[in-house]
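Chain residues, written in single-letter form:
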There are 2 protein chains.
Amino acid sequence: MKRRNAIGLGTAGIAAAGAGFAAGRFWPATSEAAALDPNAEAIAFYGAHQAGILTPAQDRLHFAAFEVITADRDELIALLQAWTVAAARMCGGDYAGPGGAAGGDYYAPPDDTGEAQGLPASGLTLTIGFGPTLFTDADGVDRFGIADRLPEALRELPPFALDALDPAVSGGDLCVQACANDPQVAVHAIRNLARIGFGTVSQRWSQLGFGRTSSTSTAQSTPRNLMGFKDGTANLKAEDGDLLEKHLWVGADDGADWLTGGSYLVTRRIRMRVETWDRTTLAEQEEIFGRDKSEGAPLGATGEFDEPDFEAEADGVPVIAAKAHIRLAHPTMNGDARMLRRGYSFVDGSDNLGRLDAGLFFIAYQRDPEAGFIPVQRSLSENDVLNEYIEHTSSAIFACPPGVRDEDDWWGRALFT
Amino acid sequence: MKRRNAIGLGTAGIAAAGAGFAAGRFWPATSEAAALDPNAEAIAFYGAHQAGILTPAQDRLHFAAFEVITADRDELIALLQAWTVAAARMCGGDYAGPGGAAGGDYYAPPDDTGEAQGLPASGLTLTIGFGPTLFTDADGVDRFGIADRLPEALRELPPFALDALDPAVSGGDLCVQACANDPQVAVHAIRNLARIGFGTVSQRWSQLGFGRTSSTSTAQSTPRNLMGFKDGTANLKAEDGDLLEKHLWVGADDGADWLTGGSYLVTRRIRMRVETWDRTTLAEQEEIFGRDKSEGAPLGATGEFDEPDFEAEADGVPVIAAKAHIRLAHPTMNGDARMLRRGYSFVDGSDNLGRLDAGLFFIAYQRDPEAGFIPVQRSLSENDVLNEYIEHTSSAIFACPPGVRDEDDWWGRALFT
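Remember, predicted model here, so these are calculated numbers, not experimental data. (Residues numbered from 1 in each chain as written. Chains lettered and ligands numbered in written order. Predicted model: local features only at pLDDT ≥ 70, side-chain atom pairs only at ≥ 80, totals over all residues. Heavy atoms only, no water.)

(A) View of the UniProt feature "domain: Dyp-type peroxidase C-terminal" (unreviewed entry) in chain A. The feature "domain: Dyp-type peroxidase C-terminal" (unreviewed entry), as annotated in UniProt, sits at residues 222-404 of chain A in this numbering. As a span, residues 222-404 of chain A carries 18% helix and 25% strand, and end to end its C-alpha atoms are 30 Å apart. (UniProt positions renumbered as here; feature names shortened; annotations may be inferred. Helix = DSSP H or I, 4+ residues; strand = E, 2+ residues; numbered from the N terminus.)

(B) Inspection of the relation of the copies chain B and chain A at higher detail. The two copies are related by a screw motion: chain B maps onto chain A through a turn of 180° and a shift of 0.0 Å along the axis, at an RMSD of 0.0 Å. Seen this way, the second copy is the image of the first under a two-fold rotation axis. Minimal C-alpha distance to the rotation axis in chain B is attained by Asp348 of chain B, lying at 3.2 Å. Interface overlap between copies is the fraction of interface residues in one copy that are interface residues in the other; for chain B against chain A it reaches 99%, indicating a shared surface. (Least-squares fit on C-alpha atoms with pLDDT ≥ 70 in both. Contact = heavy atoms within 4.5 Å.)

(C) Region of interest: unusual backbone geometry. A positive phi is found at Asp336 of chain A, a non-glycine position, where the angle reads about 60°. Within the element layout of this structure, Asp336 of chain A appears in the loop between helix H9 (325-328) and strand E9 (340-341). Unusually for a residue other than glycine, Asp315 of chain B sits at a positive phi of about 55°. Its place among the elements puts Asp315 of chain B in the loop between strand E7 (313-314) and strand E8 (317-318). By relative accessible area, Asp315 of chain B is classed as exposed at 82%. (Buried < 20%, exposed > 50% of the residue type's maximum accessible area, 1.4 Å probe, protein only.)

(D) Molecular detail of the packing of helix H3 (residues 73-91) of chain B against helix H5 (residues 183-196) of chain B. Residues and elements named next belong to chain B. The N-to-C vectors of H3 and H5 enclose an angle of 155°; their axes lie 10 Å apart at closest approach. If you check the angle between H3 and H5, you find them roughly antiparallel. Read as a crossing pair, H3 and H5 show a hand that is right-handed. On the side of H3, the interface is formed by Leu79, Ala82, Trp83, Ala86 and Met90, while H5 contributes His188, Ala189, Asn192, Leu193 and Ile196. Taken together, the residues that form the contact of H3 with H5 break down as eight nonpolar, two polar and no charged. (Axes fitted to C-alpha atoms, helices over the stretch in contact; angles between N-to-C directions. Parallel < 35°, antiparallel > 145°, perpendicular 65-115°, else oblique. Left-handed = near helix turned anticlockwise from the far one by under 90°. Nonpolar A, V, L, I, M, F, W, Y, C, P; charged D, E, K, R; others polar.)

(E) Region of the structure containing the interface of chain B and chain A. Counting residues at the interface gives 68 residues for chain B, matched by 69 residues for chain A. Contact between chain B and chain A buries roughly 5800 Å² in total, counting both sides, with carbon and sulfur atoms accounting for 56%. Where chain B meets chain A, there are two salt bridges. Between Asp278 of chain B and Arg191 of chain A there is a salt bridge whose closest N-O contact spans 2.7 Å. At the junction of chain B and chain A, the tally comes to 22 residue pairs in polar contact (both at pLDDT 80 or more). The set of elements that each furnish at least two residues to the side of chain B that touches chain A consists of helix H1 (11-23), helix H2 (29-34), strand E1 (60-68), H5, strand E4 (201-209), helix H7 (274-277), helix H8 (282-289) and strand E10 (344-350) of chain B. (Buried area = accessible area lost by both parts, 1.4 Å probe. Salt bridge = Lys/Arg side-chain N within 4 Å of Asp/Glu carboxyl O. Polar contact = N/O pair within 3.5 Å; in protein donor to acceptor, adjacent residues only side chain to side chain.)

(F) Fine view of the layout of surface pockets. By volume, the second largest pocket amounts to about 1000 Å³. The wall of the second largest pocket is formed by 48 residues, among which Asp348, Gly349 and Asp357 of chain A together with Asp348 and Gly349 of chain B lie closest to the centre. The class makeup of the residues in the lining of the second largest pocket is 22 nonpolar, 16 polar and 10 charged. (1 Å grid on protein atoms, 1.4 Å probe; cavity = no way out; pocket = protein on both sides within 12 Å on 5 of 7 lines; lining within 4 Å. Points joined across faces, edges and corners; volume = space filled by probe spheres on them.)

(G) Seen up close, H3 of chain B. Residue and element names in this part refer to chain B. A rise of 1.5 Å per residue sets the reference length of H3, with its 19 residues, at 27 Å; its end C-alpha atoms lie 27 Å apart and thus fit the reference within 8%. Turning to H3, its buried residues number three or more, namely Leu76, Ile77, Leu79, Leu80, Trp83, Thr84, Ala86, Ala87, Ala88, Met90 and Cys91. Here H3 starts with a cap whose side-chain oxygen sits 2.8 Å from the backbone nitrogen of Asp74, and that cap is Asp72. Immediately downstream of H3, the backbone of Gly93 shows phi near 85°, a positive value. (Expected span 1.5 Å × (residues − 1).)

(H) Quick look at the UniProt feature "domain: Dyp-type peroxidase N-terminal" (unreviewed entry) in chain A. When the UniProt feature table is mapped onto this chain, "domain: Dyp-type peroxidase N-terminal" (unreviewed entry) is found at residues 50-210 of chain A. End-to-end, the C-alpha atoms of residues 50-210 of chain A are 22 Å apart, and along that stretch the chain is 23% helix and 19% strand.

(I) Broad picture of the environment of Gly118 of chain A. Within the fold, Gly118 of chain A resides in the loop between helix H3 (73-91) and strand E2 (125-130). Separated by 165 residues in the primary sequence, Gly118 of chain A and Ala283 of chain A place their C-alpha atoms 49 Å from one another.

(J) Region of interest: the packing of aromatic side chains. What the rule picks out here adds up to 32 aromatic pairs over all chains. Summarising the aromatic geometry, the rings of Phe45 of chain B and Trp411 of chain B are spaced 6.0 Å apart at their centres and angled 55° between planes, so their arrangement reads as tilted. With a gap of 366 residues between them, Phe45 of chain B in the loop between H2 and E1 and Trp411 of chain B in the loop between strand E12 (390-400) and helix H11 (413-416) connect regions that are remote in the sequence. Site record: aromatic cluster; members linked through ring pairs are Phe63, Trp205, Phe361 and Phe398 of chain A. Sitting over the ring of Phe198 of chain B, Arg279 of chain A keeps its end group 3.5 Å from the ring centre. (Phe/Tyr/Trp six-rings, centres within 6.5 Å; stacked < 30°, edge-to-face > 60°. Lys NZ or Arg CZ within 6 Å of the ring centre and 35° of its normal.)

(K) Structural context of the side chain of Gln366 of chain A. Residue and element names in this part refer to chain A. Mapped onto the elements of the fold, Gln366 is located in strand E11 (residues 356-366). At a separation of 2.7 Å, a polar atom in the side chain of Gln366 contacts the main-chain amide nitrogen of Phe373. Once residues lying within four places of it in the same chain are set aside, the contact partners of Gln366 are His247, Leu248, Ser263, Tyr264, Val266, Arg338, Met339, Gly372 and Phe373.

(L) The arrangement of the state of the cysteines in detail. Tallying each qualifying case throughout the model produces zero disulfides over all chains. Cys91 of chain B takes part in no disulfide bond, and the closest cysteine sulfur to it belongs to Cys179 of chain B, at a distance of 10 Å. (Disulfide = S-S within 2.5 Å.)

(M) Looking closely at the environment of Leu299 of chain B. Residue and element names in this part refer to chain B. Take Leu299: it is sitting in the loop between H8 and E7. Residue classification places Leu299 among the buried residues on the basis of a relative accessible area of 18%. In contact with Leu299, not counting residues within four places along its chain, are Glu286, Glu287, Gly290, Arg291, Asp292, Val319 and Ile320.

(N) Representation of the pairing of E10 of chain B. Residue and element names in this part refer to chain B. For E10, a buried count of five out of seven residues is recorded, marking the element as mostly surrounded by other parts of the structure. Pairing of strand E5 (residues 211-212) with E10 involves two bridges; the strand directions are antiparallel. Bridging from a neighbouring strand, Gly211 pairs with Ser345 of E10. The antiparallel hairpin formed by E10 and strand E11 (residues 356-366) contains five residues in its connecting segment, where Gly354 sits at a positive phi of about 80°. (Pairing = 2+ DSSP bridges.)

(O) Just the side chain of Asp182 of chain A, in detail. Tracing the backbone through its elements, the reader meets Asp182 of chain A in the loop between strand E3 (174-180) and helix H5 (183-196). Buried and unpaired, Asp182 of chain A has Arg60 of chain B as its nearest opposite-charge partner, separated by 4.5 Å. (Lys, Arg positive; Asp, Glu negative; His and termini not counted.)

(P) Spatial organisation of the pattern of salt bridges. On inspection of all chains with the given rule, the structure shows 44 salt bridges over all chains. Among the salt bridges present, the one from Asp173 of chain A reaches Arg143 of chain A, with a minimum N-O distance of 3.1 Å. Here Asp173 of chain A is found in the loop between helix H4 (132-135) and E3, whereas its partner Arg143 of chain A is found in the loop between H4 and E3, with 30 residues between them in sequence. Arg143 of chain A carries the same exposure label as Asp173 of chain A, and that label is buried. In this structure, the salt-bridge partner of Asp94 of chain B is Arg89 of chain B, at a minimum N-O distance of 3.5 Å. Ionic contacts of the salt-bridge type, sharing partners, join the residues Arg269, Arg271, Asp348, Asp351, Arg355 and Asp357 of chain A into one network.

(Q) Inspection of the pairing of E12 of chain B at higher detail. Residue and element names in this part refer to chain B. Across the 11 residues of E12, 10 count as buried, placing the element largely inside the fold. Inspection of the sheet shows strand E6 (residues 263-272) paired to E12 by 10 bridges, in the antiparallel sense. Pairing of Met272 across the sheet is with Ile390, part of E12.

See the structure below:
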């Protein structure tokens with residue numbers, strides 16, 4: 001039963017369906033158009049790796065971090081199993097549960113919250129991650145008997161210069177990244193997982209992102225961030241072959257067998273002081289990024305994907321400034337550190353000084369944070385002129401297990417068995 | 001010069017453009033697809049009425065309320081004129097200013113913030129409104145010499161039962177409603193108006209909406225709110241002919257000549273306790289709304305647009321409960337009160353109890369709030385069982401002037417001349 005071509009199983013529902021079809025408006029016209037739209041299609045849920053990492057970055061994000069509020073290992077396992085079933089259904093364009101939004105027991109809460117009825121799968125992916133506190137909580141307690149399976153690399157991130165982190169919107173025992181081409185579908189998925197988890201997990205924080213800022217496939221164009229620039233054009237992409245084994249996926253020899261084929265996820269909520277940025281000159285903006293604003297080309301080059309020439313000088317001055325963002329963030333300047341980035345722009349209203357609370361919700365996947373995010377952020381936090389215009393307000397790290405192989409598998413099975 | 005088929009005027013930009021086109025990736029692939037997409041088209045900015053009211057409701061919203069921080073009438077007028085020019089440009093798919101994002105003076109801040117470069121008009125509409133405090137400020141001062149032009153109907157809304165309003169995110173001297181089918185385009189527009197207004201206005205609050213909850217044309221399907229229901233199907237729509245003169249547009253005899261052809265705008269941020277709602281039975285949900293959840297039909301009827309039968313009984317009990325939302329909100333129960341609604345769902349992260357900060361940003365246009373929103377909300381606030389699941393956290397009222405006639409006209413000209 002899919003949300004788009006069937007409704008609830010109850011007889012009232014079937015009668016209503018008949019009447020609706022006769023009237024010619026049972027399904028929203030937008031769904032008809034969506035059927036022809038590649039953005040409406042379903043992404044495969046099962047596979048060796050979780051979807052939502054290499055999947056061509058969808059347009060919209062709802063990211064949620066949860067705390068596990070039980071200390072019962074079996075309850076946690078049952079939740080992960082129930083979540084896996086619901087996630088597979090929703091990624092296929094179906095309701096969260098078999099009763100649908102309005103077709104199950106009339107005198108029970110529905111199996112689905114209903115706001116996605118009539119909407120297609122919309123490229124939904126759901127990607128789970130486990131935070132360090134799932135293994136050992138803040139008091140050092142091994143609640144779930146998995147402390148000895150904590151990977152060496154899954155450590156709280158070190159402090160960085162200029163960090164302005166709010167602990168209330170950082171960290172988490174579990175996370176789920178919902179990406180979709182329709183924000184209602186992403187919101188619906190997170191909400192239904194939270195509903196299923198009631199009594200077992202509590203949402204710690206969540207973040208909406210309205211527009212992707214990264215490409216994860218060479219078939220996608222590089223979008224612009226809220227500073228108006230293309231950034232991260234040297235991002236790892238799905239087509240990068242062997243580089244993905246080297247930089248993205250955890251290997252069998254990396255010291256955490258249950259995580260083989262998974263990846264480490266780092267999130268950072270980066271507030272941008274856009275009002276200040278908007279009052280700087282184009283010259284300064286381009287010098288700070290080390291790119292021209294219109295094309296996105298490294299300064300001194302002509303195309304976005306041209307290799308930056310960090311040696312080039314004009315009149316004895318480096319064409320790309322010593323502290324330009326493109327230079328500080330470049331793999332060649334950070335021991336070949338590379339990540340797969342799939343961040344999103346956000347606007348969370350305005351602050352009490354009349355400024356937009358806007359910026360980039362940074363998301364990066366990597367084989368080892370010590371060889372990925374950490375050295376790059378250390379370099380950026382200490383040197384990047386861009387720091388005058390940005391502020392990191394949230395931070396989290398998670399280990400994302402490998403993909404769910406089939407209907408008998410579930411999120412985290414290898415960790416708990 | 002449009003954002004999609006031209007870039008900055010500077011020679012560096014032209015050189016980059018040439019190189020970019022040669023490389024075959026100067027314009028993002030998504031823009032090419034967008035050119036075939038009706039959601040990408042431009043909406044006419046000039047007309048007898050402002051666009052963004054009867055315009056078929058676009059998918060995404062960025063709404064901003066501003067305070068005027070000057071007491072200089074000429075500065076305010078200059079801002080309104082500058083805003084009108086920029087708004088007309090952006091609604092046409094162009095940069096906010098003639099220099100574009102990267103083509104003006106290299107040693108000056110750009111004329112446009114740049115994040116919409118490469119994006120089509122995307123159905124952008126920008127709709128301005130004037131709040132009561134623009135006419136007489138909180139201290140009773142007539143800052144701009146327009147106190148005597150305050151319409152009788154532009155009064156602060158009365159308090160309603162159960163109001164839980166946060167003054168910091170309520171009210172405002174000015175508002176701009178940006179609706180578009182691409183959220184980046186809506187955000188870009190508000191941000192550039194705020195940029196142009198720097199020193200004259202300050203943002204008081206703003207709200208993003210990720211998905212429309214209303215239809216303003218019979219050509220659109222009724223979307224679902226975050227309670228999973230279709231609501232407001234009896235909404236005024238663009239095709240309603242004479243009803244629009246009666247219920248939507250301010251008439252020449254309504255006591256404010258400058259506002260003829262305009263409309264009063266009421267906004268309410270309505271938080272929904274979705275977690276609690278999701279644990280109620282389908283039976284209770286349908287009884288509260290007075291509709292079946294799947295089809296959206298009034299209880300006892302079969303189609304969404306069937307007239308509700310408020311007299312029908314079954315086994316001596318009303319089929320539509322005495323306090324059902326559909327009954328309390330219906331025009332026939334409120335002296336034929338009718339509004340044009342174009343609200344949006346929002347999720348602003350999570351609260352500190354682990355609940356989604358989610359709900360409906362209610363937007364309604366009407367000829368007279370005393371004959372529209374006020375009686376309906378009085379009835380709902382005192383009787384609606386839905387109040388157990390919702391909370392009004394923000395409120396504002398604005399008078400939206402008539403449309404801008406042509407390039408010599410500007411937002412609010414009739415008020416100031």
